[in-house]
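Fold and geometry: a report
Listed here are the chains, written in short residue letters.
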Amino acid sequence: MKILIVGTGYVGTTTALVFCEKGHQVTGLDVDEKKIRRLQSGQLHFFEPGLDELLKKHLREGNLSFTQNESKAIKENDIIFICVGTPQDEDGSADLKYVQDVAERIGKNLNAYKVIVDKSTVPVGTADKVTKWITQHQEKTVPFDVVSNPEFLREGSALHDALKPDRIIIGHSSEKALHFMRELYKDFDCPFVDTTQKTAEMIKYAANSFLALKISYINELARLCDFLEIEVDDISRGIGLDHRIGEAFLNAGIGYGGSCFPKDVSALLKTAETNHQSLSILEAAVKVNKSQPKYFIEKLQAALGSLENKVVAVLGLAFKPNTDDTRESPSFKIIDDLEKAGAKVKVHDPTVKVGSGHTFKQVQTVEECVSDTDAIILCTGWEQYKAIDWVSVRKSVRFPFIVDGKNILNANEIKHAGFDYYAIGKS
């Protein structure tokens with residue numbers, strides 16, 4: 001099939017490369033000239049393991065191209081994926097201005113029947129709006145169908161998730177569109193859920209919000225474990241082995257972040273509010289998540305006393321390992337609270353480069369980051385942080401205190417090296 005991907009960000013680029021792998025001819029369209037030029041030269045504008053090799057491969061083989069010629073791209077492709085951002089608006093709702101812009105441009109250039117696939121994360125009812133926007137901007141009546149086909153990609157594991165999805169959701173109102181989508185995904189071995197557009201849109205928000213609930217649940221439970229001197233990791237394993245619960249997203253730490261969970265939870269809460277409904281459990285999960293970094297700062301203050309003029313090393317800026325995404329990263333809340341308390345902050349991250357405009361100091365190596373510090377806080381679970389030689393680090397610090405914000409370090413090894421070690425829910 002000839003596929004157009006509108007929006008060459010994280011989701012759009014990953015989607016494009018996976019369809020190339022399945023033998024389709026794919027075109028990427030974006031209004032950002034800088035992005036297009038980088039992609040045309042075989043360079044990703046974000047970090048995601050495995051994608052850079054695929055990009056070079058399919059450019060070389062001619063399966064993939066990138067353009068800014070929207071009229072030609074829309075007219076020459078059979079299926080058009082909308083993969084643009086839906087940022088959080090000031091009131092917490094999803095801002096659909098980019099989706100609307102794409103829909104209107106499709107309407108102006110529609111020349112034959114096409115399936116328009118909304119892969120952006122959008123509120124319930126967006127497929128109807130996309131249909132209206134396309135129709136309103138058609139110069140002459142041309143038939144089309146709008147399908148909701150949400151993505152479930154984990155940053156850091158996007159390629160695996162896209163090639164081997166847990167399920168494929170197809171929200172449609174047309175058997176013809178369903179046939180197109182079934183044909184498109186025929187080589188994928190996973191369950192298919194054929195449903196309405198509104199249901200598909202709700203599934204995406206419900207899935208992400210449920211995962212956020214699990215994270216906040218185990219984090220709040222970990223606080224209780226602190227007082228009861230119980231190992232929260234044993235709790236996580238003990239309940240996670242129940243197949244009705246599952247082990248994923250039960251790792252206690254400084255809370256969730258990223259481009260999806262905070263935004264999608266907020267959008268679902270706004271949808272409930274708009275419809276005069278309450279999602280009180282989800283509201284509580286947000287409250288727990290917002291307070292989690294503060295809980296860690298309080299533990300640090302209890303160990304060091306005043307943080308005024310204390311030097312603190314923060315390891316990790318990305319919201320999770322194997323990505324350079326810092327959106328809603330708990331690291332920045334930690335840093336902000338440290339600086340408000342008068343601490344001097346040094347940071348390190350293997351992929352994130354923050355540039356100027358920050359009061360903290362970013363350094364190139366872990367060794368430089370931890371040297372002459374009064375405390376070390378691990379905020380991102382990068383593998384290289386697990387392999388740190390803590391015996392060597394002990395010789396370079398002023399005060400041996402480590403806060404493990406991801407509960408991933410070897411506590412016995414760190415204590416043996418001479419450090420005081422704290423992780424939430426660790427006896």
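For the structure itself, consult the block above.
None of the values given here were measured: they were computed from a predicted structure.

Some details on the overall build of the protein
- Counting secondary structure elements, the protein contains 17 helices and 14 strands.
- Rg of the C-alpha trace for the protein: 24 Å, near the compact-globule value of 22 Å for 427 residues, within the 12% margin.
- Taking the principal axes of its C-alpha atoms as reference, the protein extends roughly 75 × 45 × 40 Å.
- Buried residues in the protein amount to 54% of all 427 residues.
- For the protein, the proportion of contacts with a sequence separation of at least 24, taken over those separated by at least 6, is 72%.
- Entry remark: accessible area of the protein is about 19600 Å², with carbon and sulfur atoms responsible for 49%.
- Averaging the locations of the 53 positively and 60 negatively charged side chains of the protein gives two centres separated by 2 Å.

Section: the pattern of salt bridges
- The final tally for this structure, using the stated rule, is 21 salt bridges.
- Across the pair aspartate 95 and lysine 97 runs a salt bridge whose closest N-O atoms are separated by 3.9 Å.
- Given a relative accessible area of 17%, aspartate 95 falls into the buried group.
- Sharing partners across several salt bridges, the network here consists of Glu70, Asp101 and Arg105.

Remarks on helix α1 (residues 10-21)
- With 12 residues, α1 should cover 16 Å at 1.5 Å per step; its first-to-last C-alpha distance of 17 Å lies within 8% of that length.
- Of all 12 residues in α1, 11 are buried; the element is thus mostly enclosed.
- Of the positions making up α1, those classed as buried are Tyr10, Val11, Gly12, Thr13, Thr14, Thr15, Ala16, Leu17, Val18, Phe19 and Cys20.
- Glycine 23 sits one or two residues past α1 and shows a positive phi near 95°.

With respect to the pairing of strand β7 (residues 168-171)
- Of the two faces of β7, the one carrying Ile168 and Ile170 and the one carrying Ile169 and Gly171 are both buried.
- Note: β7 against strand β8 (residues 192-195), 4 bridges, orientation parallel. Counterpart to isoleucine 168 in the pairing with β8 is phenylalanine 192.
- Taking the sense of rotation as the criterion, the β-α-β connection linking β7, helix α8 (residues 175-184) and β8 turns out right-handed.

A word on the packing of aromatic side chains
- Counted by the stated rule, this structure contains 12 aromatic pairs.
- Considering the side-chain rings of phenylalanine 296 and tyrosine 422, the 6.0 Å spacing of their centres and the 65° angle between planes classify their relative orientation as edge-to-face. Of this pair, phenylalanine 296 sits in helix α12 (residues 280-304) while tyrosine 422 sits in strand β14 (residues 420-422), and the two are 126 residues apart along the sequence.
- Classification of phenylalanine 296 as buried rests on a relative accessible area of 2%.
- Grouping aromatic residues by their ring pairs yields a cluster made of Phe19, Phe81, Tyr185, Phe188 and Phe192.
- If you follow arginine 167 out to its NZ or CZ, it ends over the ring of phenylalanine 152, 3.6 Å from the centre.

Structural notes on a nonpolar patch on the surface
- Where nonpolar side chains cluster on the molecular surface, the patch consists of Leu224, Phe227, Leu228 and Ile230 and spans about 410 Å² of accessible area.
- Structurally, leucine 224 is set in helix α9 (residues 197-228).

Quick word on the state of the cysteines
- Within the structure shown, the criterion is met by 0 disulfides.
- Its sulfur unpaired, cysteine 369 is 10 Å from the next cysteine sulfur, which belongs to cysteine 379.
- A residue is classified by how much of its surface remains accessible, and cysteine 369, at 0% relative accessible area, is buried.

What to know about the packing of α9 against α12
- For the pair α9 and α12, interaxial distance at closest approach is 9 Å and the crossing angle is 45°. For the element pair α9 / α12, the angle class is oblique. The handedness of the crossing between α9 and α12 comes out as left-handed. Where α9 abuts α12, its residues Ser209, Leu213, Ser216, Asn219, Glu220, Arg223, Asp226 and Phe227 lie against Ile281, Leu282, Ala285, Val288, Asn289, Ser291, Gln292, Tyr295 and Lys299.
- Broken down by class, the residue content of the contact of α9 with α12 amounts to 7 nonpolar, 6 polar and 4 charged.

Regarding the sheet that holds strand β13 (residues 401-404)
- Taken in spatial order, the 6 strands make up an open sheet running β11-β10-β9-β12-β13-β14, and their pairing is parallel. The sheet is open, and its two edges are formed by β11 (361-362) and β14, each paired on a single side.
- Note: strand β12 (residues 375-378) against β13, 3 bridges, orientation parallel. What sits directly across from leucine 378, in β13, is aspartate 404.
- Strand contacts of α12: β12, β13 and β14, with the helix running at about 165° to β13, the strand carrying the most contacts.
- The strands that helix α13 (residues 330-340) touches are β9 (311-315), β10 (344-348) and β12; relative to β10, the one it contacts most, it runs at about 160°.

What counts and what doesn't
Residues numbered from 1 in each chain as written. Predicted model: local features only at pLDDT ≥ 70, side-chain atom pairs only at ≥ 80, totals over all residues. Heavy atoms only, no water. Helix = DSSP H or I, 4+ residues; strand = E, 2+ residues; numbered from the N terminus. Rg over C-alpha atoms; globule rule 2.2 N^0.38 Å. Buried < 20%, exposed > 50% of the residue type's maximum accessible area, 1.4 Å probe, protein only. Contact = heavy atoms within 4.5 Å. Areas by Shrake-Rupley, 256 points an atom, 1.4 Å probe, with all protein chains shown as cover. Lys, Arg positive; Asp, Glu negative; His and termini not counted. Charge placed at Lys NZ, Arg CZ, Asp CG, Glu CD. Salt bridge = Lys/Arg side-chain N within 4 Å of Asp/Glu carboxyl O. Expected span 1.5 Å × (residues − 1). Pairing = 2+ DSSP bridges. Right-handed = clockwise from strand over helix to strand, strands pointing away. Phe/Tyr/Trp six-rings, centres within 6.5 Å; stacked < 30°, edge-to-face > 60°. Lys NZ or Arg CZ within 6 Å of the ring centre and 35° of its normal. Patch = residues over 30% accessible without salt bridge, like charges linked within 9 Å, V, L, I, M, F, W, Y side chains within 5 Å. Disulfide = S-S within 2.5 Å. Axes fitted to C-alpha atoms, helices over the stretch in contact; angles between N-to-C directions. Parallel < 35°, antiparallel > 145°, perpendicular 65-115°, else oblique. Left-handed = near helix turned anticlockwise from the far one by under 90°. Nonpolar A, V, L, I, M, F, W, Y, C, P; charged D, E, K, R; others polar.

Note that all results are geometric; they support no functional claim without further evidence.
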